[in-house]
Amino acid sequence: MFSCNINDLPKYAGDVNTYLYADDTALLAKGKSIENIQENLQRNFNTILKWFAVNKLALNADKTKVMLFSSNHSALLNQHLCITSGGTDIEQVNHMKYLGVYLDSTLSFDLHIDKICKKVSQRTRLLWKMRSYISKNHAKYLYQTLINPVFSYCDFIYDSTSQRNKDRLQVKQNSAFRVIEHCSHYISSQNLEQKLQLDNLTVVQRKSTLKMVYRGFNNQGPPELNRMFDQYVPVRNLRSENQRLILPPARKLKCTERDIAIRGCLYWNPVPNDTKSSANIKEFKVKLKPYGTNAI
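Residues numbered from 1 in each chain as written. Predicted model: local features only at pLDDT ≥ 70, side-chain atom pairs only at ≥ 80, totals over all residues. Heavy atoms only, no water.

A.B. asks: Looking at this structure, I do not really get the overall build of the protein. What am I missing?
C.D. replies: For the protein, the helix and strand inventory stands at 12 helices and 6 strands. Each principal axis of the C-alpha distribution contributes one length, and for the protein these read about 60 × 60 × 45 Å. The proportion of buried residues among the 296 residues of the protein is 37%. Long-range pairs, those at least 24 residues apart, make up 59% of the contacts in the protein with a sequence separation of at least 6. When the accessible surface of the protein is split by element, carbon and sulfur atoms take 52% of a total near 18100 Å². One way to put it: in the protein the 42 positive side-chain charges average out to a point 7 Å from where the 25 negative ones average out. (Helix = DSSP H or I, 4+ residues; strand = E, 2+ residues; numbered from the N terminus. Buried < 20%, exposed > 50% of the residue type's maximum accessible area, 1.4 Å probe, protein only. Contact = heavy atoms within 4.5 Å. Areas by Shrake-Rupley, 256 points an atom, 1.4 Å probe, with all protein chains shown as cover. Lys, Arg positive; Asp, Glu negative; His and termini not counted. Charge placed at Lys NZ, Arg CZ, Asp CG, Glu CD.)

What follows is the structure, encoded as structure tokens:
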């Protein structure tokens with residue numbers, strides 16, 4: 001019922017992007033200067049506050065925060081963004097949890113990786129305590145139900161994090177694999193993956209990204225995702241015209257290499273055309289399953 005009442009909110013949000021999920025609402029404004037962003041966001045936020053008043057809805061001031069996203073080398077870094085609600089300044093934060101993902105002002109996902117490592121360590125320790133009393137198959141099942149979902153939740157988003165953070169996660173997964181196999185640290189991680197028939201996190205994250213690319217490429221996702229990937233159309237007849245390739249977007253800055261539009265293109269184009277031409281997402285997942293790190 002609440003969703004029915006709030007669904008028309010984006011119509012009154014002006015030229016800021018509005019994202020709704022149940023009772024969570026996010027407004028996203030962009031600009032080249034702090035003044036431009038602040039003026040644009042405040043003006044449209046005031047319009048939304050009027051809409052709230054007309055529809056007899058109240059803003060939860062305690063949960064309303066403002067955050068400024070920028071690159072590490074941007075002039076916007078550490079700038080103060082002053083947005084008010086009813087004459088009261090809204091708290092500006094450097095990180096926040098949104099739909100289960102910890103976002104920080106530079107989108108490094110350092111805090112999110114810290115949370116994943118802590119949660120995985122706790123669950124791996126629990127699995128280690130149980131391992132002597134259960135079989136290998138049961139231990140593998142518990143990994144799939146208790147630990148793997150922690151890694152895989154929104155992994156296509158934090159796949160843009162630094163290699164250092166990815167290495168930290170891989171260490172945690174290797175520890176869990178060793179608990180399942182009940183073996184020492186001298187066994188290589190590659191051997192563990194083969195014995196358990198489980199993918200390492202690099203492969204898992206790339207497959208998750210490829211699934212999102214498939215949905216966007218075939219217009220099966222949200223509008224923003226569908227507009228993200230453009231098919232490459234050669235100017236003359238080439239062998240590549242039927243390979244369902246994605247045209248990579250222009251890279252203006254090095255930091256944009258972390259963009260899912262660029263990562264998705266790099267992961268998608270080498271995939272065999274038979275897999276990319278799958279009739280539906282279910283078939284695509286089945287065809288993608290056998291591929292390892294070198295294949296994708």
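A.B. asks: Whenever I open this one, helix α12 (residues 281-288) confuses me. Can you help?
C.D. replies: Side chains that are three or four residues apart share a direction in an α-helix, a result of its 3.6 residues per turn. Among all positions in α12, only Ile-281, Phe-284 and Leu-288 are buried. Around the axis of α12, the buried residues are gathered within 55° of arc, so they sit on the same side. What points out from α12, more than 90 degrees from its buried face, is the exposed set Lys-282 and Val-286. On its buried face, α12 is in contact with α8 (201-217), α10 (260-268) and α11 (273-276). One side-chain oxygen at the N-terminal end of α12 lies 3.2 Å from the backbone nitrogen of Lys-282; it belongs to Asn-280. (Arc of directions from axis to C-beta. Polar contact = N/O pair within 3.5 Å; in protein donor to acceptor, adjacent residues only side chain to side chain.)

A.B. asks: Looking at this structure, I do not really get a positive patch on the surface. What am I missing?
C.D. replies: On the surface, Lys-97, Lys-115, Lys-118, Lys-119 and Arg-123 cluster together to form a positively charged patch. Relative to the assigned elements, Arg-123 resides in helix α3 (residues 110-130). Taking the relative accessible area as the measure of exposure, Arg-123 reaches 31% and is therefore partly exposed. (Patch = residues over 30% accessible without salt bridge, like charges linked within 9 Å, V, L, I, M, F, W, Y side chains within 5 Å. Salt bridge = Lys/Arg side-chain N within 4 Å of Asp/Glu carboxyl O.)

A.B. asks: How should I be thinking about the packing of helix α6 (residues 163-181) against α8 in this particular structure?
C.D. replies: Helix packing for two helices is described by the angle between their axes and how far apart those axes are. Relative orientation of the contacting elements α6 and α8 amounts to 115°, with a least axis distance of 10 Å. Counting all contacts with α6, which are made through Lys-166, Leu-169, Gln-170 and Gln-173, the residues of α8 involved are Leu-201, Thr-202 and Gln-205. (Axes fitted to C-alpha atoms, helices over the stretch in contact; angles between N-to-C directions.)

A.B. asks: I keep staring at the side chain of Asn-165 and nothing clicks. Help me out?
C.D. replies: By the element assignment, Asn-165 lies in helix α6. Judged by relative accessible area, which is 0%, Asn-165 ranks as buried. A polar contact of 2.8 Å, which involves the side chain of Asn-165, links it to the side chain of Thr-161. Leave out the neighbours within four places in its chain, and Asn-165 touches Ser-108, Phe-109, Asp-110 and Ile-113.

A.B. asks: Sorry, what's going on with the nonpolar core here?
C.D. replies: A general tendency of soluble globular proteins is for nonpolar side chains to be buried together. Ile-116, Tyr-143, Phe-151 and Leu-169 are the most contacted members of the largest nonpolar core, which has 27 residues in total. Of all the secondary structure elements, the ones that give two or more residues to this core are β6 (101-104), α3, α4 (136-152), α6 and α7 (189-196). Leave out the neighbours within four places in its chain, and Phe-151 touches Ile-116, Val-120, Tyr-143, Tyr-158, Leu-169, Lys-172, Gln-173 and Leu-201. (Core = buried A, V, L, I, M, F, W, Y, C linked by side-chain atoms within 4.5 Å.)

A.B. asks: Could you clarify how one ought to interpret the packing of α8 against α10 in this entry?
C.D. replies: Relative to each other, α8 and α10 sit at 100°, their axes nearing to 9 Å. Between α8 and α10, the angle is such that the two are roughly perpendicular. Residues Arg-206, Thr-209, Leu-210, Val-213, Tyr-214 and Phe-217 of α8 form the contact with α10, whose participating residues are Ile-260, Arg-263, Gly-264, Tyr-267 and Trp-268. By residue class, the composition of the contact of α8 with α10 is 7 nonpolar, 2 polar and 2 charged. (Parallel < 35°, antiparallel > 145°, perpendicular 65-115°, else oblique. Nonpolar A, V, L, I, M, F, W, Y, C, P; charged D, E, K, R; others polar.)

A.B. asks: How do you make sense of unusual backbone geometry when you look at a structure like this?
C.D. replies: Residue Leu-107 is not a glycine yet carries a positive backbone phi of 55°. Structurally, Leu-107 is set in the loop between β6 and α3. By relative accessible area, which is 34% here, Leu-107 ends up partly exposed.

A.B. asks: Whenever I open this one, α6 confuses me. Can you help?
C.D. replies: Given a rise of 1.5 Å per residue, 19 residues ought to cover 27 Å, and the 27 Å separating the end C-alpha atoms of α6 matches this to within 8%. Those residues of α6 that are buried are in contact with α3, α4, α5 (155-158), α7 and α8. Of the residues trailing α6, His-182 is marked for its positive phi of about 55°. (Expected span 1.5 Å × (residues − 1).)

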